[in-house]
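Listed below are the residues making up each chain.
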Amino acid sequence: MDATLDDIEFLVSSTHRVGVLDALTSGPCDRTDLRTTTGASAPTMGRILSDFQERHWVERDGNVYRLTGLGEFVAAQFQEFVAAMAHQRRLREVWPWLPTEIDGFSIELFTDVVVSQPGPGYPYRPVERLTELLTAADTMRGFGMALLKSGNLEPFFEHVREDLTCEYVYPPAVFEELLSWDETTVLETTRHANYTVLLHDDLPLEDRCGICLFDDRVCICCYDPGTGALQSLVDTGSAEMRTWAESYYEQFRDQARPLTDATDLSSVESIH
């Protein structure tokens, strides 16, 4: 393992080495092109190419250098590792808020990711991102805590009144919060054929998480269960995430009851 770590350290400890490897991934280059691309001095470039040849990562043909099969393998694996580290860096600050306890959830579900968090002096990025997603969508399905901020609710109900096809599984307490926001608007919108409200008494992490499936994005809203504050919004176009989210959505949908059967919600008696 020590020798392997030495190779890793050799490569990552120099941005010039990484730059040469990356440049040669695109095709053969001469030394001048490599210096221009990486900004390395002539002596530095000479040492890098000599070291790479010693490791059999590159071969020389006159003034041109190209990756060997071994060098192509190293470059591909290194690029994959860099992408994975960048991926985890985007997610690690919001990881405690994600639904990691639910079976099947893993970082491998994210093939791309947009992370929106409240910033210093400007806490509205997650709300704005959710509004952007829902107003651009033609369809929306979801469950849990997602639509609780007034900044999202107004464009959401407006879009439903226009043409958004939406089916959502609410915890009863969350639906009660919607009613307390604007009972007239909420109840009037439930009469629209394109808006289906379902209620579920035992959603996992219902005080911490809401998941929405839009046309081509899956969105996870993460709340602090102690304060109710929106901590982050994470969305992805990953097919793997959609498969996972749809499987849970269908499970919760089958277990839920329609709003018209929700006689335990005193606030909605007026719609019966």
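Residues numbered from 1 in each chain as written. Predicted model: local features only at pLDDT ≥ 70, side-chain atom pairs only at ≥ 80, totals over all residues. Heavy atoms only, no water.

**Q** Would you take a moment to explain the overall build of the chain for this structure?
**A** A tally of regular secondary structure across the chain gives nine helices and 11 strands. Taking 19 Å as the expected radius of gyration for a compact globule of 272 residues, we find that the chain reaches 26 Å, considerably beyond that expectation. Once the C-alpha set of the chain is aligned to its principal axes, its extents read approximately 85 × 35 × 35 Å. Put simply, the chain has 272 residues, and 45% of those count as buried. Restricting to contacts in the chain with at least 6 residues of sequence separation, those with at least 24 account for 67%. As displayed, the chain has an accessible area near 13,700 Å², and 49% of this comes from carbon and sulfur atoms. (Helix = DSSP H or I, 4+ residues; strand = E, 2+ residues; numbered from the N terminus. Rg over C-alpha atoms; globule rule 2.2 N^0.38 Å. Buried < 20%, exposed > 50% of the residue type's maximum accessible area, 1.4 Å probe, protein only. Contact = heavy atoms within 4.5 Å. Areas by Shrake-Rupley, 256 points an atom, 1.4 Å probe, with all protein chains shown as cover.)

**Q** Looking at this structure, I do not really get the environment of valine 94. What am I missing?
**A** Assignment of secondary structure puts valine 94 in the loop between helix H5 (69–92) and strand E4 (114–116). Valine 94 sits in the buried class, given a relative accessible area of 0%. Considered as a pair, valine 94 and serine 116 are 22 residues apart in the sequence and their alpha carbons are 9.5 Å apart. Not counting residues within four places of it along the chain, the set of residues in contact with valine 94 comprises Val115, Gln117, Ser232 and Val234.

**Q** Looking at this structure, how should I read the UniProt feature "domain: HVO-A0261-like N-terminal" (unreviewed entry) in the chain?
**A** UniProt marks residues 6–90 with the feature "domain: HVO-A0261-like N-terminal" (unreviewed entry), using the numbering shown here. Within the segment residues 6–90, helix and strand shares are 72% and 12% respectively, and the terminal C-alpha atoms sit 27 Å apart. (UniProt positions renumbered as here; feature names shortened; annotations may be inferred.)

**Q** In this structure, what is going on with the domain arrangement of the chain? I would like to understand it.
**A** In many analyses, interface size is given as the accessible surface area lost on bringing the parts together. Domains assigned within the chain are domain 1 (3–88) and domain 2 (93–258). Between domain 1 and domain 2, the C-alpha centre-to-centre distance is 44 Å. (Domains from an automatic or database assignment.)

**Q** When you look at the sheet that holds strand E2 (residues 58–61) in this model, what are you seeing that I'm missing?
**A** Where strands meet in a sheet, backbone hydrogen bonds hold them as pairs that are either parallel or antiparallel. Across the sheet, three strands lie side by side as E1-E3-E2; this open sheet has antiparallel pairing. Strands with a single pairing partner mark the edges of an open sheet, and in this sheet they are strand E1 (29–30) and E2. By the bridge criterion, four bridges tie E2 to strand E3 (residues 64–67) in an arrangement that is antiparallel. Bridge pairing in E3 places aspartate 61 opposite valine 64. (Pairing = 2+ DSSP bridges.)

**Q** What am I meant to see in the packing of helix H1 (residues 2–12) against helix H2 (residues 15–25) here?
**A** Between two packed helices, what matters for the description is the angle formed by their axes and the separation of those axes. The contact between H1 and H2 brings their axes to 6 Å, and the two run at 90°. Taken as axis vectors, H1 and H2 run roughly perpendicular relative to one another. Contacts from Phe10, Leu11 and Val12 of H1 reach H2 at Arg17, Val18 and Leu21. In terms of residue class, the contact of H1 with H2 is made up of five nonpolar, no polar and one charged. (Axes fitted to C-alpha atoms, helices over the stretch in contact; angles between N-to-C directions. Parallel < 35°, antiparallel > 145°, perpendicular 65-115°, else oblique. Nonpolar A, V, L, I, M, F, W, Y, C, P; charged D, E, K, R; others polar.)

**Q** Is there a simple way to explain a negative patch on the surface in this structure?
**A** Judged by side-chain charge, Asp138, Glu154, Glu158, Glu162, Asp163, Asp215 and Asp216 come together as a negatively charged surface patch. Mapped onto the fold, aspartate 215 is located in the loop between strand E8 (209–213) and strand E9 (218–223). Judged by relative accessible area, aspartate 215 falls into the partly exposed class, the value being 35%. (Patch = residues over 30% accessible without salt bridge, like charges linked within 9 Å, V, L, I, M, F, W, Y side chains within 5 Å. Salt bridge = Lys/Arg side-chain N within 4 Å of Asp/Glu carboxyl O. Lys, Arg positive; Asp, Glu negative; His and termini not counted. Charge placed at Lys NZ, Arg CZ, Asp CG, Glu CD.)

**Q** Would you mind going over the pairing of strand E5 (residues 139–144) with me for this structure?
**A** On any regular strand, side chains alternate: one points to one face of the sheet, the next to the other face. Two elements, E5 and strand E6 (residues 165–170), share five bridges in a ladder whose sense is parallel. Within the sheet, the bridge partner assigned to methionine 140 lies in E6 and is cysteine 166. With four bridges connecting them, E5 and E8 associate as antiparallel partners. From the neighbouring strand, glycine 142 faces E8, where its bridge partner is cysteine 212.

**Q** I would appreciate a short explanation of a nonpolar patch on the surface in the present structure.
**A** A cluster of nonpolar side chains, contributed by Leu5, Ile8 and Val12, occupies part of the molecular surface with about 250 Å² of accessible area. Following the sequence through the fold, isoleucine 8 ends up in helix H1.

**Q** Just to check I follow, could you spell out the pairing of E3 for this structure?
**A** Taking every second residue as pointing to the same face, the buried face of E3 carries Tyr65 and Leu67, while none of Val64 and Arg66 on the other face is buried. Relative to E3, E1 runs antiparallel, the two sharing two bridges. Considered in E3, the bridge of aspartate 30 is made with valine 64.

**Q** For this particular structure, what's the right way to read the packing of aromatic side chains?
**A** One pair of aromatic rings is described through two measures. These are the centre distance and the angle between the planes. Summed over the entire model, instances satisfying the criterion amount to 16 aromatic pairs. Taken together, a centroid distance of 5.2 Å and an interplanar angle of 85° make the contact between tyrosine 122 and tyrosine 124 edge-to-face. You can call tyrosine 124 partly exposed: its relative accessible area is 46%. On the numbers, 6.1 Å between centres and 85° between planes, the contact of phenylalanine 157 with tyrosine 195 is edge-to-face. Here phenylalanine 157 is found in helix H7 (residues 150–162), whereas its partner tyrosine 195 is found in strand E7 (residues 195–199), with 38 residues between them in sequence. Owing to a relative accessible area of 1%, phenylalanine 157 belongs among the buried residues under this scheme. By relative accessible area, which is 3% here, tyrosine 195 ends up buried. Put simply, the rings of Trp95, Phe105, Phe110, Phe143, Trp244, Tyr248 and Phe252 pair up and form one aromatic cluster. We note arginine 55 situated over the ring of phenylalanine 10; from NZ or CZ to the ring centre the distance is 3.6 Å. A cation over a ring is seen here: arginine 55 above tryptophan 57, with NZ or CZ 5.9 Å from the ring centre. (Phe/Tyr/Trp six-rings, centres within 6.5 Å; stacked < 30°, edge-to-face > 60°. Lys NZ or Arg CZ within 6 Å of the ring centre and 35° of its normal.)

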